[in-house]
Amino acid sequence: MSMAALFACTKEQTLERGRKIGEIYTTAKSGSKTVLVKLPGLWRVSAADPWISLDVEGRQGEGAFTLSYSSNESDFISSNPTRLGRIVIEDYSSFRADTLYLRQQGVPDGKDYSSLPQNSYIEFVDVPLTRLKLSYFNLSGCADLEAAENLLNGDDADIQWVIWDNEKALQLGSAHEGSSSVYGNIVLLNRTDKKPVVESLSSPVALMAEIDGVCIACADFGEAVPSGEGRYGQLRSLLDAGYNRPDSPDKWIVGGSFYYLSVLELGYPSTPSWYPSNPNASDFEADRYARTNNLVDCIWMCSRDYNPTFSKDGIEWRADYIYASASAWNAAAVVSLSEVPLSGAVHKSMGITLKY
């Protein structure tokens, strides 16, 4: 008897709603997963969402099916949220319909998802994803080294970037000798068992590192605008030194304290009256340049609002950025912007978690 005929024979009996039997987490890229079903009798499988397709309708006895899912990648034009799909497995020996969920990453929503435990009658190969969490701290204005150590020790990031004054940066680096790199007022703290390849840049002051296939740059442009090229020139120098090199990897995170205005944050109800209203204004030249280089402003992409990170003389605005290349952005699982972490500090902290 054909599979269609077998299904037709059981069609008249109502299936009871079953239970959740697992959840598969995937990145935003399109792909496929094979699921083994260990049931003794006839079973049918169907996808309840159009972005999921299956290679078979069901089988008799133990067997497998492959589910394929389309891309959920985003850019400035298309911003796709994390989505949850359903694959229904109908067991005709128990006349119950159970649900396997497929969660595909989209624009980070602040939650760090992962695959959930599987039920005993299904199995799928859940290849562990590489998880890399980065934290950025600008501790300018803070004088308490012990408080800073407590802050950093309580943070679970794999890589921590700390911008401080030169003396404190040197002290912090010395306290973590063997797992730190220091250049000027920037410290890289490596919490992994891997040794990153580290480079420095003097103008602007920056440290760049490559770890697990991801390149990360942290820079401090300084509050005072240098004579001559200004913020646009600083950003261009930073990108030319790493991100725009011909041999550069495709996953890049570029962050730090850049002290220029975001063109994407004008026009919101919370945008202050002093903020430039013309998107072509020279105030936005550096930020526009980042966009022309296909860098995604991660903080704005997750909030779509005015996002002050820095306060001085009673004025709050965004001086700090996390940019990502397209492939790094579509591997982003969590983007965070936290309150000022320590007494005396004037910058909020930032973080991004990648899964790929």
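Everything discussed here concerns the structure shown above.
Draft legend 1. View of the sheet that holds strand β4 (residues 52–54). Judged by pairing direction, the sheet is antiparallel, and its four strands sit side by side in the order β4-β6-β2-β9 without closing on themselves. If you trace the sheet from one side to the other, it starts and ends with β4 and β9 (122–124), each paired once. Recorded for the sheet is a direction-independent mean angle of 30° between the axes of neighbouring strands. Here three bridges tie β4 to strand β6 (residues 63–69), and the two strands are oriented antiparallel to one another. Paired with I52 across the bridge in β6 is Y69.

Draft legend 2. Broad picture of the pairing of strand β15 (residues 205–211). For β15, a buried count of five out of seven residues is recorded, marking the element as mostly surrounded by other parts of the structure. Sheet topology places strand β14 (residues 197–201) next to β15; five bridges connect them, and they run antiparallel. What sits directly across from S200, in β15, is L207. Two successive antiparallel strands, β14 and β15, enclose a turn made up of three residues. Here seven bridges tie β15 to strand β16 (residues 214–220), and the two strands are oriented antiparallel to one another. When the bridges of β16 are listed, E210 appears paired with C215. Hairpin connection from β15 to β16: two residues lie between these consecutive antiparallel strands, with D212 at a positive phi of about 50°.

Draft legend 3. Spatial organisation of the packing of helix α4 (residues 230–241) against helix α5 (residues 285–292). For the pair α4 and α5, interaxial distance at closest approach is 8 Å and the crossing angle is 30°. Relative to α5, the element α4 is oriented roughly parallel. Considering only the axes of α4 and α5, their crossing is right-handed. Contacts from R231, Y232, L235, R236, L239 and D240 of α4 reach α5 at E285, A286, Y289 and A290.

Draft legend 4. Highlighting the sheet that holds strand β10 (residues 131–138). Taking strand neighbours across the sheet as the criterion, the six strands line up as β12-β13-β11-β10-β23-β22 in an open arrangement whose pairing is mixed. Edge positions in the open sheet fall to β12 (180–183) and β22 (332–337), since each of these has one partner strand only. Direction aside, neighbouring strands of the sheet carry axes that sit 10° apart on average. Inspection of the sheet shows strand β11 (residues 159–163) paired to strand β13 (residues 186–190) by five bridges, in the antiparallel sense. When the sheet's bridge partners are listed, I159 is paired in β13 with N190. Across the sheet, helix α3 (residues 166–175) is in contact with β11, β12 and β13; its angle to β13 comes to roughly 20°.

Draft legend 5. Structural context of empty space enclosed by the protein. On inspection of all chains with the given rule, the structure shows two cavities of 30 Å³ or more. Size it by volume and the largest cavity reaches roughly 60 Å³. Taken together, Y136, F137, N138, W161, I163, C218, G256, S257, D320, K348 and M350 make up the full set of residues lining the largest cavity. Residue assignment for the lining of the largest cavity shows that the elements contributing at least two residues are β10, β11 and β17 (252–257). Per element, the largest residue contribution to the lining of the largest cavity is three residues, and it comes from β10. Considering only residue class, the lining of the largest cavity consists of six nonpolar, three polar and two charged. When its volume is computed, the second largest cavity comes out at roughly 30 Å³. Surrounding the second largest cavity, A28, N72, E73, S74, Q105, G106, V107, W329, N330 and A332 form its lining. Taken together, the residues of the lining of the second largest cavity sort by class into four nonpolar, five polar and one charged.

Draft legend 6. Region of interest: the pattern of salt bridges. Taken as a whole, this structure holds 19 salt bridges when the rule is applied. Residue D156 is joined to K133 by a salt bridge in which the shortest nitrogen-to-oxygen separation is 2.4 Å. Of this pair, D156 sits in the loop between α2 (145–153) and β11 while K133 sits in strand β10, placing them 23 residues apart in sequence. The class of K133 is buried, set by a relative accessible area of 18%. Here the residues in one salt-bridge network are R19, R96 and D98, joined through shared partners.

Draft legend 7. Geometry of the environment of Y113. With respect to the element layout, Y113 can be found in the loop between β8 (96–104) and β9. Spatially, the C-alpha atoms of Y113 and D297 are 22 Å apart, while their sequence positions differ by 184 residues. Residues in contact with Y113, not counting those within four places in the same chain, are Y25, T82, R103, Q105 and K355. A distance of 2.8 Å separates a polar atom in the side chain of Y113 from a polar atom in the side chain of D109.

Reading guide: rules and limits
Residues numbered from 1 in each chain as written. Predicted model: local features only at pLDDT ≥ 70, side-chain atom pairs only at ≥ 80, totals over all residues. Heavy atoms only, no water. Pairing = 2+ DSSP bridges. Helix = DSSP H or I, 4+ residues; strand = E, 2+ residues; numbered from the N terminus. Axes fitted to C-alpha atoms, helices over the stretch in contact; angles between N-to-C directions. Buried < 20%, exposed > 50% of the residue type's maximum accessible area, 1.4 Å probe, protein only. Parallel < 35°, antiparallel > 145°, perpendicular 65-115°, else oblique. Left-handed = near helix turned anticlockwise from the far one by under 90°. Contact = heavy atoms within 4.5 Å. 1 Å grid on protein atoms, 1.4 Å probe; cavity = no way out; pocket = protein on both sides within 12 Å on 5 of 7 lines; lining within 4 Å. Points joined across faces, edges and corners; volume = space filled by probe spheres on them. Nonpolar A, V, L, I, M, F, W, Y, C, P; charged D, E, K, R; others polar. Salt bridge = Lys/Arg side-chain N within 4 Å of Asp/Glu carboxyl O. Polar contact = N/O pair within 3.5 Å; in protein donor to acceptor, adjacent residues only side chain to side chain.

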